Amino acid sequence: MKRFLTKANILYVALWTLLFIVPAIMGFLQTTHTGSFDWKGLFFIWKQLAVYLGIFLFHHLVLAPMLIERRKRWLYFAAVATLITLFFVVQCMHRPQMPHEPRHHEPRQEQYEQRPHMEPNNHGRHMKPHHMPGEHDVIATIILMLMLGMDIGVMLYFRQQKDQQRLADLEHQNLEQQLEYLKYQINPHFLMNTLNNIHALVDIDPEQAKESIVELSKIMRFVLYEGSKQKVPLRKELLFLEDYIRLMRQRVTEKVRIDVRMPDTIPEKEMPPLILITFVENAFKHGITYQRPCFIELSVSISDNRLHFNCRNSKVPQSTVQQGGIGLANVKRRLELIYDNDYLLQIDDQEETFEVNMEIPL
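Description of the structure in this document. (Residues numbered from 1 in each chain as written. Predicted model: local features only at pLDDT ≥ 70, side-chain atom pairs only at ≥ 80, totals over all residues. Heavy atoms only, no water.)

With that out of the way, let us pick up the environment of K285. Along the chain, K285 turns up in helix α8 (residues 276-286). The spatial distance from the C-alpha of K285 to the C-alpha of K315 is 9.6 Å, given a sequence separation of 30 residues. (Helix = DSSP H or I, 4+ residues; strand = E, 2+ residues; numbered from the N terminus.)

The subject of this paragraph is the pattern of salt bridges. Following the criterion strictly, the structure yields nine salt bridges and no others. Two residues, K218 and D243, come together in a salt bridge whose shortest N-O distance is 3.9 Å. One end of the pair, K218, is in helix α6 (residues 206-225); the other, D243, is in helix α7 (residues 234-249), with 25 residues separating them in the sequence. Take K218: its relative accessible area is 35%, and that puts it in the partly exposed class. Between R306 and E359 there is a salt bridge whose closest N-O contact spans 2.5 Å. Residue R306 is located in strand β5 (residues 306-314), and its partner E359 is located in strand β7 (residues 353-361); the two are separated by 53 residues in the primary sequence. The pair R306 / E359 is uniform in exposure class, with both members buried. (Salt bridge = Lys/Arg side-chain N within 4 Å of Asp/Glu carboxyl O. Buried < 20%, exposed > 50% of the residue type's maximum accessible area, 1.4 Å probe, protein only.)

Taken in spatial order, the five strands line up as β2-β4-β5-β7-β6 in an open sheet, and their pairing is mixed. Two strands bound the open sheet, and with one partner strand each, they are β2 (256-261) and β6 (344-349). Between one strand axis and the next, the sheet turns by 5 degrees as a mean value, whatever way the strands run. The sheet contact formed by β5 and β7 spans nine bridges and is antiparallel. Within β7, the residue paired with R312 across the bridge is E355. (Pairing = 2+ DSSP bridges. Axes fitted to C-alpha atoms, helices over the stretch in contact; angles between N-to-C directions.)

The following block contains the structure:
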(Lines give C-alpha, C1' and ligand atoms only; values in the text may rest on other atoms or scores of the structure.)
Protein backbone atom coordinates (compact mmCIF):
# COMPACT_ATOMS: atom_id res chain seq x y z
CA MET A 1 0.00 0.00 0.00
CA LYS A 2 2.84 2.39 0.82
CA ARG A 3 4.28 1.82 -2.64
CA PHE A 4 1.24 3.49 -4.23
CA LEU A 5 0.86 6.27 -1.61
CA THR A 6 3.87 8.19 -2.87
CA LYS A 7 4.10 11.90 -3.64
CA ALA A 8 4.34 11.20 -7.38
CA ASN A 9 1.22 9.00 -7.41
CA ILE A 10 -0.75 11.50 -5.33
CA LEU A 11 0.26 14.22 -7.79
CA TYR A 12 -0.80 12.09 -10.73
CA VAL A 13 -4.19 11.29 -9.19
CA ALA A 14 -4.79 15.01 -8.66
CA LEU A 15 -3.77 15.90 -12.23
CA TRP A 16 -5.83 13.18 -13.93
CA THR A 17 -8.83 13.98 -11.75
CA LEU A 18 -8.52 17.59 -12.82
CA LEU A 19 -8.26 16.60 -16.48
CA PHE A 20 -11.53 14.65 -16.25
CA ILE A 21 -13.34 17.34 -14.25
CA VAL A 22 -12.40 20.35 -16.36
CA PRO A 23 -14.38 19.26 -19.49
CA ALA A 24 -17.47 18.68 -17.35
CA ILE A 25 -17.12 22.12 -15.78
CA MET A 26 -16.68 23.72 -19.20
CA GLY A 27 -19.77 21.85 -20.43
CA PHE A 28 -21.87 23.12 -17.55
CA LEU A 29 -20.65 26.66 -18.19
CA GLN A 30 -21.68 26.38 -21.85
CA THR A 31 -25.21 25.39 -20.90
CA THR A 32 -25.83 29.05 -20.05
CA HIS A 33 -25.52 29.79 -23.78
CA THR A 34 -26.85 26.63 -25.42
CA GLY A 35 -29.51 25.69 -22.86
CA SER A 36 -28.61 21.98 -22.93
CA PHE A 37 -25.65 19.94 -21.77
CA ASP A 38 -23.65 18.16 -24.47
CA TRP A 39 -23.27 14.73 -22.89
CA LYS A 40 -22.07 13.10 -26.13
CA GLY A 41 -19.24 15.62 -26.44
CA LEU A 42 -18.26 15.07 -22.80
CA PHE A 43 -18.23 11.27 -23.18
CA PHE A 44 -16.16 11.63 -26.34
CA ILE A 45 -13.52 13.68 -24.48
CA TRP A 46 -13.58 11.24 -21.56
CA LYS A 47 -13.10 8.35 -23.97
CA GLN A 48 -10.01 10.02 -25.44
CA LEU A 49 -8.66 10.80 -21.96
CA ALA A 50 -9.31 7.18 -20.91
CA VAL A 51 -7.08 5.98 -23.75
CA TYR A 52 -4.27 8.28 -22.61
CA LEU A 53 -4.85 7.27 -18.98
CA GLY A 54 -4.59 3.57 -19.83
CA ILE A 55 -1.34 4.06 -21.72
CA PHE A 56 -0.02 6.28 -18.94
CA LEU A 57 -0.77 3.68 -16.24
CA PHE A 58 0.88 0.96 -18.30
CA HIS A 59 3.98 3.14 -18.73
CA HIS A 60 4.04 4.28 -15.09
CA LEU A 61 3.55 0.86 -13.53
CA VAL A 62 5.27 -1.45 -16.02
CA LEU A 63 7.66 0.35 -18.37
CA ALA A 64 9.06 3.18 -16.24
CA PRO A 65 10.32 0.83 -13.47
CA MET A 66 12.42 -0.92 -16.13
CA LEU A 67 14.43 2.28 -16.54
CA ILE A 68 14.41 3.75 -13.04
CA GLU A 69 14.56 0.68 -10.79
CA ARG A 70 15.98 -2.15 -12.91
CA ARG A 71 18.19 0.00 -15.21
CA LYS A 72 17.13 -1.91 -18.36
CA ARG A 73 17.54 1.04 -20.70
CA TRP A 74 17.47 -0.72 -24.06
CA LEU A 75 14.44 -2.79 -23.12
CA TYR A 76 12.63 0.32 -21.91
CA PHE A 77 13.32 2.40 -25.03
CA ALA A 78 12.40 -0.50 -27.30
CA ALA A 79 9.11 -1.00 -25.44
CA VAL A 80 8.29 2.72 -25.50
CA ALA A 81 9.10 2.97 -29.22
CA THR A 82 6.83 -0.02 -29.92
CA LEU A 83 4.05 1.51 -27.80
CA ILE A 84 4.24 4.87 -29.57
CA THR A 85 4.30 3.20 -33.01
CA LEU A 86 1.23 1.09 -32.20
CA PHE A 87 -0.58 4.15 -30.89
CA PHE A 88 0.21 6.08 -34.08
CA VAL A 89 -0.97 3.21 -36.32
CA VAL A 90 -4.21 2.78 -34.39
CA GLN A 91 -4.81 6.53 -34.54
CA CYS A 92 -4.43 6.49 -38.31
CA MET A 93 -6.74 3.49 -38.75
CA HIS A 94 -9.41 4.59 -36.27
CA ARG A 95 -9.34 8.34 -36.38
CA PRO A 96 -11.86 9.64 -33.82
CA GLN A 97 -14.64 11.93 -35.00
CA MET A 98 -16.35 14.43 -32.76
CA PRO A 99 -20.11 14.01 -32.38
CA HIS A 100 -22.15 16.37 -34.58
CA GLU A 101 -19.04 17.08 -36.66
CA PRO A 102 -20.29 18.50 -39.96
CA ARG A 103 -19.63 16.42 -43.05
CA HIS A 104 -18.77 18.29 -46.24
CA HIS A 105 -21.05 17.17 -49.08
CA GLU A 106 -19.10 17.54 -52.28
CA PRO A 107 -20.01 16.81 -55.88
CA ARG A 108 -19.68 13.22 -56.94
CA GLN A 109 -16.74 13.93 -59.22
CA GLU A 110 -14.82 15.68 -56.42
CA GLN A 111 -15.64 12.88 -54.04
CA TYR A 112 -14.27 10.39 -56.52
CA GLU A 113 -11.14 12.39 -57.04
CA GLN A 114 -10.57 12.84 -53.29
CA ARG A 115 -11.19 9.22 -52.35
CA PRO A 116 -8.21 7.48 -50.78
CA HIS A 117 -6.10 5.68 -53.30
CA MET A 118 -7.23 2.08 -53.86
CA GLU A 119 -5.18 -0.56 -55.53
CA PRO A 120 -6.71 -3.51 -57.37
CA ASN A 121 -5.95 -7.01 -56.20
CA ASN A 122 -5.31 -10.06 -58.35
CA HIS A 123 -9.05 -10.55 -58.93
CA GLY A 124 -9.63 -7.02 -60.13
CA ARG A 125 -11.36 -6.02 -56.93
CA HIS A 126 -10.44 -3.02 -54.89
CA MET A 127 -8.74 -3.40 -51.55
CA LYS A 128 -9.45 -1.22 -48.52
CA PRO A 129 -8.16 2.35 -48.81
CA HIS A 130 -4.80 3.37 -47.30
CA HIS A 131 -5.31 5.71 -44.31
CA MET A 132 -2.87 8.56 -44.60
CA PRO A 133 -1.73 10.21 -41.33
CA GLY A 134 -3.29 13.56 -40.65
CA GLU A 135 -2.53 16.50 -38.39
CA HIS A 136 -4.70 15.07 -35.63
CA ASP A 137 -2.71 11.81 -35.58
CA VAL A 138 0.63 13.60 -35.36
CA ILE A 139 -0.56 15.92 -32.57
CA ALA A 140 -2.03 12.99 -30.60
CA THR A 141 1.26 11.08 -30.88
CA ILE A 142 3.28 14.13 -29.79
CA ILE A 143 0.99 14.55 -26.77
CA LEU A 144 1.55 10.90 -25.89
CA MET A 145 5.34 11.29 -26.13
CA LEU A 146 5.28 14.42 -23.96
CA MET A 147 3.10 12.63 -21.42
CA LEU A 148 5.48 9.66 -21.17
CA GLY A 149 8.48 11.98 -20.95
CA MET A 150 6.79 13.95 -18.18
CA ASP A 151 6.14 10.70 -16.31
CA ILE A 152 9.82 9.78 -16.45
CA GLY A 153 10.86 13.29 -15.43
CA VAL A 154 8.54 13.38 -12.43
CA MET A 155 9.56 9.90 -11.30
CA LEU A 156 13.25 10.76 -11.59
CA TYR A 157 12.71 13.98 -9.63
CA PHE A 158 10.97 12.24 -6.73
CA ARG A 159 13.50 9.39 -6.88
CA GLN A 160 16.30 11.96 -6.53
CA GLN A 161 14.49 13.57 -3.60
CA LYS A 162 14.14 10.16 -1.96
CA ASP A 163 17.81 9.35 -2.52
CA GLN A 164 18.86 12.71 -1.07
CA GLN A 165 16.68 12.15 1.99
CA ARG A 166 18.11 8.65 2.43
CA LEU A 167 21.64 10.05 2.13
CA ALA A 168 20.86 12.75 4.69
CA ASP A 169 19.45 10.12 7.07
CA LEU A 170 22.56 7.98 6.65
CA GLU A 171 24.83 10.97 7.27
CA HIS A 172 22.83 11.89 10.38
CA GLN A 173 23.00 8.31 11.63
CA ASN A 174 26.72 8.20 10.93
CA LEU A 175 27.14 11.51 12.78
CA GLU A 176 25.38 10.16 15.86
CA GLN A 177 27.47 6.98 15.77
CA GLN A 178 30.69 8.99 15.52
CA LEU A 179 29.67 11.23 18.42
CA GLU A 180 28.81 8.23 20.57
CA TYR A 181 32.13 6.63 19.69
CA LEU A 182 34.02 9.79 20.62
CA LYS A 183 32.19 10.14 23.93
CA TYR A 184 32.84 6.50 24.82
CA GLN A 185 36.52 7.19 24.19
CA ILE A 186 36.50 10.27 26.42
CA ASN A 187 34.83 8.67 29.44
CA PRO A 188 37.42 5.91 30.09
CA HIS A 189 40.21 8.38 29.30
CA PHE A 190 38.88 10.84 31.88
CA LEU A 191 38.32 8.13 34.49
CA MET A 192 41.86 6.80 34.07
CA ASN A 193 43.42 10.23 34.67
CA THR A 194 41.23 10.97 37.70
CA LEU A 195 42.01 7.62 39.35
CA ASN A 196 45.71 8.24 38.84
CA ASN A 197 45.35 11.56 40.65
CA ILE A 198 43.59 9.93 43.61
CA HIS A 199 46.20 7.18 43.68
CA ALA A 200 48.86 9.86 44.10
CA LEU A 201 46.90 11.42 46.99
CA VAL A 202 46.63 8.14 48.92
CA ASP A 203 50.33 8.24 49.80
CA ILE A 204 50.49 12.00 50.33
CA ASP A 205 47.33 12.68 52.35
CA PRO A 206 44.85 9.83 53.04
CA GLU A 207 42.19 12.24 54.34
CA GLN A 208 42.35 14.25 51.18
CA ALA A 209 42.16 11.01 49.24
CA LYS A 210 38.85 10.22 50.97
CA GLU A 211 37.49 13.66 50.10
CA SER A 212 38.69 13.16 46.58
CA ILE A 213 36.72 9.92 46.30
CA VAL A 214 33.57 11.83 47.32
CA GLU A 215 34.30 14.46 44.68
CA LEU A 216 35.01 11.72 42.16
CA SER A 217 31.63 10.13 42.81
CA LYS A 218 29.93 13.43 42.01
CA ILE A 219 32.01 13.78 38.87
CA MET A 220 31.37 10.23 37.70
CA ARG A 221 27.65 10.63 38.33
CA PHE A 222 27.68 13.47 35.84
CA VAL A 223 29.78 11.49 33.35
CA LEU A 224 27.54 8.41 33.57
CA TYR A 225 24.13 10.08 33.54
CA GLU A 226 24.75 13.28 31.60
CA GLY A 227 27.70 12.39 29.39
CA SER A 228 25.61 10.18 27.09
CA LYS A 229 23.18 12.98 26.24
CA GLN A 230 23.52 15.13 23.17
CA LYS A 231 23.24 18.33 25.22
CA VAL A 232 23.16 19.18 28.91
CA PRO A 233 22.25 22.39 30.77
CA LEU A 234 25.13 24.84 30.77
CA ARG A 235 24.85 25.20 34.55
CA LYS A 236 25.49 21.48 35.07
CA GLU A 237 28.47 21.49 32.72
CA LEU A 238 30.11 24.42 34.57
CA LEU A 239 29.39 22.91 37.99
CA PHE A 240 30.97 19.67 36.80
CA LEU A 241 34.02 21.68 35.70
CA GLU A 242 34.28 23.36 39.11
CA ASP A 243 34.02 19.98 40.90
CA TYR A 244 36.86 18.64 38.81
CA ILE A 245 39.07 21.68 39.51
CA ARG A 246 38.28 21.40 43.22
CA LEU A 247 39.35 17.75 43.09
CA MET A 248 42.59 18.61 41.32
CA ARG A 249 43.46 21.41 43.75
CA GLN A 250 43.83 18.83 46.51
CA ARG A 251 46.85 17.22 44.90
CA VAL A 252 48.86 20.31 43.93
CA THR A 253 51.15 22.44 46.05
CA GLU A 254 51.20 26.17 46.65
CA LYS A 255 53.63 26.58 43.77
CA VAL A 256 50.74 25.97 41.39
CA ARG A 257 48.60 29.06 40.79
CA ILE A 258 45.09 28.22 39.67
CA ASP A 259 42.84 31.12 38.63
CA VAL A 260 39.26 30.33 37.64
CA ARG A 261 36.73 32.90 36.42
CA MET A 262 33.14 31.81 35.88
CA PRO A 263 30.14 33.96 34.85
CA ASP A 264 28.13 35.44 37.72
CA THR A 265 24.84 34.50 36.09
CA ILE A 266 24.43 31.39 33.98
CA PRO A 267 21.65 31.52 31.36
CA GLU A 268 19.28 28.63 30.76
CA LYS A 269 21.22 27.36 27.78
CA GLU A 270 22.56 23.96 26.76
CA MET A 271 25.81 22.66 25.34
CA PRO A 272 27.36 19.29 24.46
CA PRO A 273 28.76 17.55 27.56
CA LEU A 274 32.43 16.84 28.26
CA ILE A 275 33.80 19.48 25.90
CA LEU A 276 35.45 21.87 28.35
CA ILE A 277 36.79 19.19 30.67
CA THR A 278 39.18 17.90 28.03
CA PHE A 279 41.08 21.20 27.87
CA VAL A 280 41.19 21.47 31.67
CA GLU A 281 42.44 17.89 31.95
CA ASN A 282 45.12 18.68 29.43
CA ALA A 283 46.20 21.75 31.43
CA PHE A 284 46.61 19.79 34.66
CA LYS A 285 48.35 16.92 32.91
CA HIS A 286 50.92 18.95 30.97
CA GLY A 287 51.08 22.24 32.89
CA ILE A 288 51.96 21.21 36.43
CA THR A 289 55.37 20.45 37.87
CA TYR A 290 56.66 20.46 41.44
CA GLN A 291 60.14 21.67 40.51
CA ARG A 292 59.17 25.29 39.75
CA PRO A 293 56.23 27.70 39.95
CA CYS A 294 53.51 27.07 37.36
CA PHE A 295 50.02 28.27 36.65
CA ILE A 296 46.64 27.44 35.15
CA GLU A 297 44.33 30.28 34.11
CA LEU A 298 40.78 29.44 33.11
CA SER A 299 37.90 31.75 32.18
CA VAL A 300 34.38 31.20 30.90
CA SER A 301 32.17 34.04 29.67
CA ILE A 302 28.91 34.30 27.74
CA SER A 303 27.89 37.03 25.29
CA ASP A 304 25.55 37.17 22.30
CA ASN A 305 24.38 33.59 22.93
CA ARG A 306 27.91 32.29 22.49
CA LEU A 307 30.20 30.69 25.04
CA HIS A 308 33.78 31.97 25.20
CA PHE A 309 36.29 29.66 26.82
CA ASN A 310 39.96 30.38 27.49
CA CYS A 311 42.46 28.08 29.15
CA ARG A 312 46.12 29.05 29.49
CA ASN A 313 48.78 27.12 31.38
CA SER A 314 52.49 26.78 31.79
CA LYS A 315 54.31 23.88 30.20
CA VAL A 316 56.64 21.47 31.88
CA PRO A 317 59.94 21.02 30.02
CA GLN A 318 59.16 17.42 29.04
CA SER A 319 55.81 18.35 27.42
CA THR A 320 57.01 19.34 24.00
CA VAL A 321 53.88 18.15 22.15
CA GLN A 322 51.02 19.00 24.43
CA GLN A 323 48.21 18.99 21.93
CA GLY A 324 48.53 15.31 21.04
CA GLY A 325 46.50 12.48 22.52
CA ILE A 326 42.98 11.14 22.41
CA GLY A 327 41.31 13.98 24.34
CA LEU A 328 42.08 17.02 22.20
CA ALA A 329 41.77 15.13 18.94
CA ASN A 330 38.30 13.94 19.94
CA VAL A 331 37.20 17.44 20.95
CA LYS A 332 38.23 18.82 17.57
CA ARG A 333 36.31 16.10 15.78
CA ARG A 334 33.23 16.59 17.96
CA LEU A 335 33.22 20.33 17.31
CA GLU A 336 33.39 19.70 13.56
CA LEU A 337 30.53 17.21 13.66
CA ILE A 338 28.27 19.27 15.92
CA TYR A 339 28.84 22.83 14.75
CA ASP A 340 30.27 22.39 11.25
CA ASN A 341 31.92 25.80 10.66
CA ASP A 342 30.03 27.73 13.35
CA TYR A 343 32.71 27.51 16.02
CA LEU A 344 36.17 28.86 16.82
CA LEU A 345 39.06 26.83 18.19
CA GLN A 346 42.51 28.39 18.43
CA ILE A 347 45.46 26.59 20.01
CA ASP A 348 48.62 28.54 20.71
CA ASP A 349 51.44 26.16 21.60
CA GLN A 350 54.45 28.19 22.71
CA GLU A 351 57.72 27.07 24.23
CA GLU A 352 56.66 27.81 27.83
CA THR A 353 52.89 28.26 27.62
CA PHE A 354 49.93 26.53 26.06
CA GLU A 355 46.67 28.41 25.40
CA VAL A 356 43.27 27.38 24.07
CA ASN A 357 40.59 29.78 22.89
CA MET A 358 37.21 28.33 21.99
CA GLU A 359 33.90 29.89 21.03
CA ILE A 360 30.71 27.92 20.40
CA PRO A 361 27.06 28.91 19.96
CA LEU A 362 24.56 28.18 22.72
